[in-house]
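Descriptive structure summary
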Amino acid sequence: MIDEQKIRQKEFENRLNDEQCKPFIKDVFPFIDKITIRLKFQYTGAMEIENGQQIIKTREDKFYFRIPCINPECIYSDLNLINEINSLINFRETNMNGKKLCNGWQDYVRYKAKNYHCQTHMDYEIEIKYHNDENIK
Ligand SMILES: [Zn+2]
């Protein structure tokens, strides 16, 4: 396997392991019903990509919020909404909007040279629905 494939394979496995070792939402935050994440991406590298997507996490999902970058060449993308979601939950807030810039490397050549970050723009909108039932804490 060439180096690039090895790095991508390892990154893929790391993410998978990372997700697997996270707890289920219902086990850590039983008072949460649903977390909806709406995303809008824009990438203006060699090719221009724009896309939108929605991620819905229910109680049965893992408490894991790393978001895959839309730039297929990106290496070590760091898009993650875990801090935002933790802070919403701490204050029992329901909505948050914001922007993030991917700090991964734009592609393998840039990764080797360590000279250009991916810079995919991600607009996010998080919505958390809590249980109305006060007995569930
Ligand atoms: Zn990226």
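Just above sits the structure.
Everything in this summary refers to the structure shown in the same document. (Residues numbered from 1 in each chain as written. Predicted model: local features only at pLDDT ≥ 70, side-chain atom pairs only at ≥ 80, totals over all residues.)

This paragraph deals with the environment of Ile37. Along the chain, the position of Ile37 falls in strand β1 (residues 32–44). Between the C-alpha atom of Ile37 and that of Glu127, which follows or precedes it by 90 residues, the distance is 6.4 Å. When sequence neighbours within four positions are dropped, the list of residues in contact with Ile37 reads Gln54, Ile55, Leu81, Tyr124 and Ile126. (Helix = DSSP H or I, 4+ residues; strand = E, 2+ residues; numbered from the N terminus. Contact = placed C-beta atoms within 7 Å.)

Let's shift gears to the sheet that holds strand β3 (residues 95–101). A sheet is described by the order of its strands in space; here 4 strands give the open sequence β2-β1-β4-β3, paired in antiparallel fashion. Both outer strands of the open sheet, β2 (48–58) and β3, are each paired with one neighbouring strand and no more. When strand polarity is set aside, the average angle formed by the axes of neighbouring strands in this sheet is 15°. Sheet topology note: the β1/strand β4 (residues 121–130) ladder contains 10 bridges and is antiparallel. (Pairing = 2+ DSSP bridges. Axes fitted to C-alpha atoms, helices over the stretch in contact; angles between N-to-C directions.)

So, about helix α1 (residues 3–20). The end-to-end C-alpha distance of α1, which contains 18 residues, comes to 26 Å, matching closely the 26 Å that a straight helix rising 1.5 Å per residue would cover. Counting buried positions along α1 gives 0 out of 18 residues, so the element sits mostly on the surface. (Expected span 1.5 Å × (residues − 1). Buried ≥ 20, exposed ≤ 12 C-beta atoms within 10 Å, placed from the backbone.)

A few words now on the pairing of β1. Of the pairings in the sheet, the one linking β1 to β2 comprises 11 bridges and is antiparallel in character. Residue pairing across strands places Phe41 opposite Asn51, the latter belonging to β2.

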